[in-house]
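Secondary and tertiary structure notes
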Amino acid sequence: MSAPQSRFVKACRAEPLDRTPVWFMRQAGRYMAEYRAVRKHHSLIEICKKPELAAEVTITAAEILGVDAAIIFADLLLPLEVMGLPFHFSAGEGPVIEQPLRTAADVQRLQTDRSAELGYVSEAVGLVGKHFGTRLPVIGFCGAPFTLASYMIEGGGSRHYLNTKKMMYSSPAAWDELMRKLVAVVSAYAVEQVKAGADAIQIFDSWVGCLSVEDFCRYVLPATTDLVGKIKKTGAPVIYFGTETTALLPLLRQTGADVVGLDWRVPLDQGWQSLGGGAVQGNLDPTLLFAAWPELKSRAEQILLRAAGRPGHIFNLGHGILPETPVENVKALVQFVQSP
């Protein structure tokens, strides 16, 4: 860990603080001119795979915004490649998995012994940690087993997750094997980020909100809990984030995560109560960053009032910063949250 005494890390551990720390998901992105300048010459995957570039965009965003943590620039799907499942990005469509998983035989062919090939991400973490030292913590991240599995099975984005749920219901043994393989690869990947200097790991389970409580308990919770446990052995706190998870909140603390991210669909205090304690992160609607400052300030103030200064609140959005977001609004929001 690079900055274990930072406000951010202390908030992850629900320790009392003088003020609320703030950072944003997707804080390095297309809404920033500096990032767009880099993208003119490099694809997203090129930036991810070149540690100097990944570190540069990570550092630049954190310094411009003045946030309390820098999250490493990487892509959720990078582990798929080392498991033998190539993907590419299609203009306007997002990621496309070239040969989606459909059968138990497809799952059996997945590799679990190549996670070291993802070392470029850990190298980038090390460069960011070296740059900031104890001044600013570095957040590493990985995809959750369910969300990664959904990409692998659907072949890309989905509205109904039909093929994913078909495998869960019709081939539970294959599903369980897929979960085990994902935990093996992703945990090794995340642990290496901590060894390189990451102060915390955020697990993104972007699609888990599509599940019923029953399905989450049977098909997802055991693997997610296993992943969290393996990462926590490093001593670094773990943040677990999903969207549309209001119905699942009473169960999410069972994953063992130190912090649970809340989206904007649930009032922060109600979500916190549903979790039964611990630390929380969130939860401003990202589209409010397009609003006039009085409205944006009022909504941010409401979140802080709902947090009521209790230890363990990290201010963030309920999802990532959107393209075209006005940078000045993001900066103003950071300054407001950090103000006495």
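Preceding block: the structure.
Structural notes, computed from the coordinates. (Residues numbered from 1 in each chain as written. Predicted model: local features only at pLDDT ≥ 70, side-chain atom pairs only at ≥ 80, totals over all residues. Heavy atoms only, no water.)

Look at helix H4 (residues 51–65) against helix H7 (residues 119–132): their axes get within 8 Å of each other, and the N-to-C directions meet at 45°. When the interaxial angle is binned, H4 and H7 end up oblique. Crossing of H4 against H7: the hand is right-handed. Between H4 and H7, the residues in contact are Pro-51, Glu-52, Ala-54, Ala-55, Thr-58, Ile-59, Ala-62 and Glu-63 and Tyr-120, Glu-123, Ala-124, Leu-127, Val-128, His-131 and Phe-132, respectively. In the contact of H4 with H7, the residues fall into 10 nonpolar, two polar and three charged. (Axes fitted to C-alpha atoms, helices over the stretch in contact; angles between N-to-C directions. Helix = DSSP H or I, 4+ residues; strand = E, 2+ residues; numbered from the N terminus. Parallel < 35°, antiparallel > 145°, perpendicular 65-115°, else oblique. Left-handed = near helix turned anticlockwise from the far one by under 90°. Contact = heavy atoms within 4.5 Å. Nonpolar A, V, L, I, M, F, W, Y, C, P; charged D, E, K, R; others polar.)

With that out of the way, let us pick up unusual backbone geometry. Note the cis peptide between Gly-282 and Asn-283, where omega equals -5°. By the element assignment, Asn-283 lies in strand S8 (residues 279–284). Even without being a glycine, Glu-244 presents a positive backbone phi close to 55°. By secondary structure assignment, the location of Glu-244 is in the loop between strand S6 (238–242) and helix H12 (249–252). Positive phi, normally seen in glycine, also occurs at Glu-324, with a value near 75°. The residue Glu-324 is located in the loop between strand S9 (313–317) and helix H15 (327–338) in this model.

Here the structure, examined in full by the defined rule, presents nine aromatic pairs. When the centroid spacing of 5.6 Å and the interplanar angle of 45° are considered together, the rings of Tyr-35 and Phe-73 count as tilted. In this pair, Tyr-35 is assigned in helix H2 (residues 33–39) and Phe-73 in the loop between strand S1 (70–71) and helix H5 (78–82), connecting sequence segments 38 residues apart. Grouping residues by exposure puts Tyr-35 and Phe-73 together as buried. Note on Tyr-161 and Trp-207: the rings are 5.1 Å apart at their centroids and 55° apart in plane angle, and the pair reads as tilted. Linking Tyr-161 in the loop between helix H8 (145–154) and helix H9 (162–170) with Trp-207 in the loop between strand S5 (200–205) and helix H11 (213–232), this pair joins segments that are 46 residues apart in sequence. A single burial state applies to Tyr-161 and to Trp-207, both of which are buried. (Phe/Tyr/Trp six-rings, centres within 6.5 Å; stacked < 30°, edge-to-face > 60°. Buried < 20%, exposed > 50% of the residue type's maximum accessible area, 1.4 Å probe, protein only.)

Taking 1.5 Å of rise per residue, the 14 residues of H7 would be expected to cover 20 Å, and the 20 Å separating its terminal C-alpha atoms lies within 8% of that figure. Looking at the buried residues of H7, the elements they touch are helix H3 (44–49), H4, S1, H5, strand S4 (138–143) and helix H10 (172–195). Within two residues after H7, Gly-133 carries a phi angle of roughly 60°, on the positive side. (Expected span 1.5 Å × (residues − 1).)

Look at H9 against H10: their axes get within 5 Å of each other, and the N-to-C directions meet at 110°. By the criterion of interaxial angle, the relationship of H9 to H10 is roughly perpendicular. Together, Thr-164, Met-167, Met-168, Tyr-169 and Ser-170 of H9 and Pro-172, Trp-175 and Leu-178 of H10 make up the contact between the two elements. When grouped by side-chain class, the residues that make up the contact of H9 with H10 number six nonpolar, two polar and no charged.

This brings us to the pattern of salt bridges. All chains considered together, the criterion is met by 16 salt bridges. Of the charged contacts, one joins Arg-114 and Glu-117 as a salt bridge, the two residues approaching to 2.9 Å between their closest N and O atoms. Glu-117 sits in the partly exposed class, given a relative accessible area of 43%. As a salt-bridge pair, Lys-331 and Glu-328 come within 3.6 Å of each other at their nearest N and O atoms. Highlighted residues: Lys-331 and Glu-328, both in helix H15, separated by three residues, approximately one helical turn. Each member of the salt-bridge network shares a partner with another, and the members are Glu-244, Asp-263 and Arg-265. (Salt bridge = Lys/Arg side-chain N within 4 Å of Asp/Glu carboxyl O.)

A few words on the side chain of Glu-154. On the secondary structure map, Glu-154 appears in helix H8. There is no salt bridge for the buried Glu-154, and the closest opposite charge comes from Arg-102, which lies 5.8 Å off by N-O distance. Here Asn-163 takes part through its backbone nitrogen, which lies 3.0 Å from a polar atom of the side chain of Glu-154. (Lys, Arg positive; Asp, Glu negative; His and termini not counted. Polar contact = N/O pair within 3.5 Å; in protein donor to acceptor, adjacent residues only side chain to side chain.)

A few words now on the sheet that holds S1. Strands sit in the order S1-S4-S5-S6-S7-S8-S9 across an open sheet of seven strands; the sheet is parallel. Among the strands making up the open sheet, the edge pair consists of S1 and S9. Most of the contacts of H11 go to S5, to which it runs at about 165°, and overall it touches S4, S5 and S6. Along the sheet, helix H13 (residues 268–275) contacts strand S7 (259–261), S8 and S9; its crossing angle with S8, the most-contacted strand, is approximately 150°. (Pairing = 2+ DSSP bridges.)

In short, the description is geometric, and any link to function would need to be established separately.
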